[in-house]
Amino acid sequence: MSVSPARSSGAGTAAAPRPNAVVAVLALAGIVVSLMQTLVIPIVPELPKLLDASASDAAWAVTATLLAAAVATPVVGRLGDMLGKRRMLLLSLVLLVAGSVVCALSDTLVPMVVGRAMQGLSAAVIPLGISIMRDELPAERLAGATAMMSASLGVGGALGLPAAALIADNLDWHMLFWLSGALGAVALVLILALVPESSVRTGGRFDLLGGLGIAAGLVSLLLAVSKGGDWGWTSGTTLGLFAAGVLILLVWGWWELRTPQPLVDLRTTARRQVLFTNLASVAIGFSMFAMSLVLPQLLQLPEATGYGLGRSLLTTGLVMAPAGLVMMAFAPVSAKISKSRGPKVTLMIGALIVAAGYGLNIVLMSEVWHLVLVSCVISGGIGFAYGAMPALIMSAVPASETAAANSLNTLMRSIGTSVASAIAGVVLAQMTIDFGGFALPSENAFKVVMAIGAGAALLACLIASFIPRHRPAAGPAHPAPDAGAGARTASVR
């Protein structure tokens, strides 16, 4: 694979990027995308009535976003390396805005599912933003900026829940999507005005068969994981999808190792630093989502259960909101530790903090302030871990593969969250109490999920211990069109 010489991208490219503006705008775009994923939560129980559909059909409004995001993330990342990261970032935001408008105009199931799938196609914004930072920022700004970009995922998610609950309680539910579209449009305009196009391109041809293969494999696996609880984990449909997903991905891997210009360079992915970072990302993604499943339910269950706190959805959102701010606050701390001790150490510290937070939750879950404290501790650890992962990935891959490598890492986190949703759903559905004729998750069920979350975080720490020792973080990748870039790329083949 060859890397095209550094060059201007033409119209709209700033001659001298302003680091502060680039970081702020890209972080805003990340927050907008994560907000999109959270805004629908308050209306999920009402979707069957709002869309005149069954509960199982209405659930596709959530499932479609998950599947679209899983497919888009590696594909758009690769296209960003080939065609321009800013260009694909803009396309992702256009899809988010368009999907939001479709949802805002929807009153039936099919357009809602289509709009939500279009929104899911914007999921590559965060890895693309991190990759642009690598290309455009001075070396001394890179660690802090990428940590901030990673933290934007938590900030948007945490702030989106109370905002969405407030809108859903007081305004027409369509306003949720008009808000999402408006914020996406603002981010789009700011990126056009302030973010330059990277000059680092791989060129070449897109691996269409590789794209179709990974899409089919991921959709099969994630569909089985996300719908297995409804269909039955031992049903023919679920088992068939699992088997098809594994088989397709095995064939896909065989193809990727043999095609000259693969969608995902599996030889680079198999490097020790990249491999163990991605494996740790699955475990960390699992831990993060376990908190998102447990704490809101504890807050909203009736007080008469003896362990529920009987709070409204709006109060629940406000309780969870500080967690996102903690992630953002810990981003510069994560960057400083990564700079002095290496991102491997930062990742391990973050995982241990997450495990400690879940341990704390097992004994502190009877007061609102307990859950505020727990969510902040866990989110602080997530902030450390998420800030370290891009640094580990970028210091191990060529500049020409940054977007694809970061997108794959983001996909690994998403897989972790999907698995967490499935496992926690099984635990909470099986360990129940009878409450007025309704089966509600028992207190022990929540404690088991917390223990599993702690175990996943400890597993992430163990996996991270196998990452090679600290290497200096990569600086900007745009200086000179010399043989260095080509040599770096050639070294992966």
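Residues numbered from 1 in each chain as written. Predicted model: local features only at pLDDT ≥ 70, side-chain atom pairs only at ≥ 80, totals over all residues. Heavy atoms only, no water.

**Side note on the nonpolar core**
In this structure, Ile284, Leu298, Leu347, Tyr358, Ile382 and Phe446 are the most contacted members of the largest nonpolar core, which totals 54 residues. Put simply, the parts of the chain that give this core at least two residues each are helix H1 (19–38), helix H8 (139–170), helix H13 (272–300), helix H14 (313–341), helix H15 (343–363), helix H16 (368–394), helix H17 (402–430) and helix H18 (443–464). In terms of residues, this core owes the most to one element, H13, which gives eleven residues. Dropping the residues within four chain positions of it, Leu347 is found in contact with Ala280, Ile284, Ala385, Ala388, Met389, Leu392, Ala464 and Ile467. Ranked by size, the runner-up nonpolar core spans 48 residues in total, among them Ala70, Ile132, Leu188 and Leu223. (Core = buried A, V, L, I, M, F, W, Y, C linked by side-chain atoms within 4.5 Å. Buried < 20%, exposed > 50% of the residue type's maximum accessible area, 1.4 Å probe, protein only. Helix = DSSP H or I, 4+ residues; strand = E, 2+ residues; numbered from the N terminus. Contact = heavy atoms within 4.5 Å.)

**So, the pattern of salt bridges**
Per the stated rule, a full pass over the model turns up five salt bridges. Residues Glu46 and Lys49 are paired through a salt bridge, measuring 3.4 Å at the closest nitrogen-oxygen approach. Judged by its relative accessible area of 37%, Glu46 is partly exposed. Lys49 sits in the exposed class, given a relative accessible area of 65%. Asp81 serves as the salt-bridge partner of Lys85, at 3.8 Å between the closest nitrogen and oxygen. As far as the burial class goes, Lys85 and Asp81 line up, both buried. A network of salt bridges, in which partner residues are shared, links Asp81, Lys85 and Asp135. (Salt bridge = Lys/Arg side-chain N within 4 Å of Asp/Glu carboxyl O.)

**Considerations on the environment of Leu109**
Considering the arrangement of structural elements, one finds Leu109 in helix H6 (residues 109–120). For Leu109 and Ile248, which are 139 residues apart along the polypeptide, the C-alpha to C-alpha distance reads 30 Å. Excluding anything up to four places from it in sequence, Leu109 contacts Leu51, Ala53, Asp57 and Ala58.

**Concerning a nonpolar patch on the surface**
A surface patch of nonpolar side chains, amounting to about 460 Å² of accessible area, comprises Val101, Leu105, Leu171, Met175 and Trp178. Relative to the assigned elements, Val101 resides in helix H5 (residues 85–104). (Patch = residues over 30% accessible without salt bridge, like charges linked within 9 Å, V, L, I, M, F, W, Y side chains within 5 Å. Areas by Shrake-Rupley, 256 points an atom, 1.4 Å probe, with all protein chains shown as cover.)

**Thoughts on unusual backbone geometry**
Leave glycine aside and you will find that most residues have negative phi; peptide bonds, for their part, are mostly trans. Despite not being glycine, Asp52 shows a phi value in the positive range, around 55 degrees. Note on placement: Asp52 falls in the loop between helix H2 (47–51) and helix H3 (55–58). Owing to a relative accessible area of 74%, Asp52 belongs among the exposed residues under this scheme.

**Describing the pairing of strand E1 (residues 432–435)**
In this structure, E1 lies alongside strand E2 (residues 438–441), joined through four bridges in antiparallel fashion. If you follow Phe435 over to E2, its bridge partner there is Phe438. Here E1 folds back onto E2, and the loop between the two strands holds two residues, one of which, Gly436, carries a positive phi near 60 degrees. (Pairing = 2+ DSSP bridges.)

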